[in-house]
Amino acid sequence: MIQLRPPESLYHADGGWFSANWHFSFDTYRDAANTQFGDLRVFNDDRLVPGAIWPMHPHRNIEGITYVAEGTFRHADSMGNGGVLLPGSVQRATLGAGMMHSEQNGSEAEPMRFIQMWIMPAQLDLPPSVEQRSFSDEERRNVLRPVLVPAPGFGGDSAPSAPDAVTVHQDAVLYASLLDAGAALTLRLRVGFGGYLFVVHGALERVGEAGSLAEAGAAKITDESEVELRAGPSGAELIVVETRLR
């Protein structure tokens, strides 16, 4: 089963210095039909105006995953971690026992866009930590590149391995891909797992038998072992979260 979620169907929030599409219940937005997808609790397509800083705020017992889509993402937290990430970068912030953190636009001239995901950890009260890595265009070209994989001891026997990927404290995987115009690939999902597909840029002209999907659109994929994905004439950048369904 593939449930398409075109961008116009998603909840839009606008705070002036930020704007976002919230895919699941978040902050003041409540949607009983979309509270989470497996262990994926939050999926926000966020944009910050030049120079904007999301003030330091606390979280506990979530794995905060960031995929940088456009601009210059800057991170700061109460543990003294920091740094700048460019498009194609992935960060995992383990906010287990509690940590303050801040998402910031590192540019005073250009807007910034990032995908913020929360994955619920398999273990509570983990020590706070941050891990991040940048993935080149060529690493993601016309393949589903695992950019986030289970940390040692947190994945099942069938979980994919990628020694240079960022790790997460849950049996979940994040794939990233840059598809050339008209290029196709097959998404394969493990038994008992679903996929949350998101088109970062461009468009997909084929998502299995469900139809096409425009930029900023998403799809819930359940009870499917294989799904063909084909880019439109402008190509497509996409990410997929594979998560255990409960």
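For the structure given in this document, a descriptive report is provided here. A quick note: this is a predicted structure, and the numbers were derived from the prediction, not measured. Going along each chain's sequence as written, the residues are numbered from 1 onward. Reporting of local features is limited, given that this is a predicted model, to residues whose pLDDT is at least 70; pairs of side-chain atoms are given and counted only at 80 or more, and all residues count toward the totals for whole chains, interfaces and linings. The side-chain quantities take in all heavy atoms of the structure and omit both hydrogens and water.

### A short note on the overall build of the protein
Okay, step 1: Strands here are runs of E lasting at least two residues and helices are runs of H or I lasting at least four, both read from the DSSP assignment and numbered beginning at the N terminus. Within the protein, the secondary structure is distributed over one helix and 19 strands.
Okay, step 2: The quantity called the radius of gyration is restricted to C-alpha atoms. Its globule counterpart is 2.2 Å times the number of residues to the power 0.38. The C-alpha atoms of the protein give a radius of gyration of 17 Å, which matches the 18 Å a tight globule of 246 residues would have.
Okay, step 3: With respect to the three principal axes, the spread of C-alpha positions in the protein is 45 × 40 × 40 Å.
Okay, step 4: Summary of the burial criterion: residues with accessible area below 20% of their type's maximum are buried, those above 50% are exposed, and those between are partly exposed, where the area comes from a 1.4 Å probe applied to protein chains only. Considering the protein as a whole, with its 246 residues, one finds that 55% of them fall into the buried category.
Okay, step 5: The contact definition used throughout considers only heavy atoms, calling two residues in contact when any of these lie within 4.5 Å. Here the contacts in the protein between residues at least 6 apart in sequence split such that 73% fall between residues at least 24 apart.
Okay, step 6: The positive count covers Lys and Arg only, the negative count covers Asp and Glu only, and His and the chain ends enter neither. For charged residues, the charge sits on one atom: NZ in Lys, CZ in Arg, CG in Asp, CD in Glu. Between the mean site of the 19 positive side-chain charges and the mean site of the 31 negative ones, the protein shows a separation of 3 Å.

### Overview of the pattern of salt bridges
Okay, step 1: The salt bridge definition used is simple: a Lys or Arg side-chain nitrogen within 4 Å of an Asp or Glu carboxyl oxygen. Per the counting criterion, the structure on display carries 20 salt bridges.
Okay, step 2: Salt-bridge contacts for arginine 92 lead to glutamate 131; the nearest nitrogen and oxygen are separated by 2.8 Å. Of this pair, arginine 92 sits in strand S9 (residues 89–94) while glutamate 131 sits in strand S12 (residues 129–134), and the two are 39 residues apart along the sequence.
Okay, step 3: Between aspartate 171 and arginine 244 there is a salt bridge whose closest N-O contact spans 3.3 Å. Of the two residues, aspartate 171 sits in the loop between strand S14 (166–168) and strand S15 (172–179) while arginine 244 sits in strand S19 (residues 226–244), which places them 73 residues apart along the sequence.

### Focus on the layout of surface pockets
Okay, step 1: In the cavity and pocket records, a cavity denotes points on a 1 Å grid over the protein atoms alone where a 1.4 Å probe fits but cannot get out, a pocket denotes an open set with protein on both sides within 12 Å along at least 5 of 7 lines, and lining residues are residues with an atom within 4 Å of a point. Grid points are joined across faces, edges and corners, and a volume is the space filled by probe spheres set on the points. Reported here for the largest pocket is a volume of approximately 220 Å³.
Okay, step 2: Around the largest pocket, the lining is made up of 15 residues, and of these Phe26, Asn44, Trp54, His57 and Glu103 lie nearest the centre.
Okay, step 3: If you list the elements that add at least two residues to the lining of the largest pocket, you get strand S3 (18–22), strand S4 (40–48), strand S5 (57–59), strand S10 (99–105) and strand S11 (112–119).
Okay, step 4: In terms of residues, the lining of the largest pocket owes the most to one element, S11, which gives three residues.
Okay, step 5: The residue classification treats Ala, Val, Leu, Ile, Met, Phe, Trp, Tyr, Cys and Pro as nonpolar and Asp, Glu, Lys and Arg as charged. All others, Gly included, are polar. Its residues assigned to classes, the lining of the largest pocket comprises seven nonpolar, five polar and three charged.

### Re the sheet that holds S10
Strands pair in a sheet through their backbones, by hydrogen bonds, and they do so in one of two ways: parallel or antiparallel.
Okay, step 1: Here, any two strands with at least 2 DSSP bridges between them count as paired. Here four strands make up an open sheet; going across it, the order is S5-S10-S7-S8 and the pairing antiparallel. Whereas interior strands pair on both sides, the edge strands pair on one side only; in this sheet they are S5 and strand S8 (82–85). Recorded for the sheet is a direction-independent mean angle of 30° between the axes of neighbouring strands. Axis lines are fitted through C-alpha atoms, for helices just across the contact stretch, and the angle between N-to-C directions can take any value from 0 to 180 degrees.

### Some remarks on empty space enclosed by the protein
Okay, step 1: All told, the structure shown has one cavity of 30 Å³ or more when counted by the stated rule.
Okay, step 2: In this structure, the largest cavity occupies an estimated 30 Å³ of space.
Okay, step 3: If you go around the largest cavity, the residues you meet are Gly64, Thr66, Phe73, His75, Gln91, Ala93, His101, Glu103 and Gln116.
Okay, step 4: Grouping the constituent residues of the lining of the largest cavity by class yields two nonpolar, six polar and one charged.

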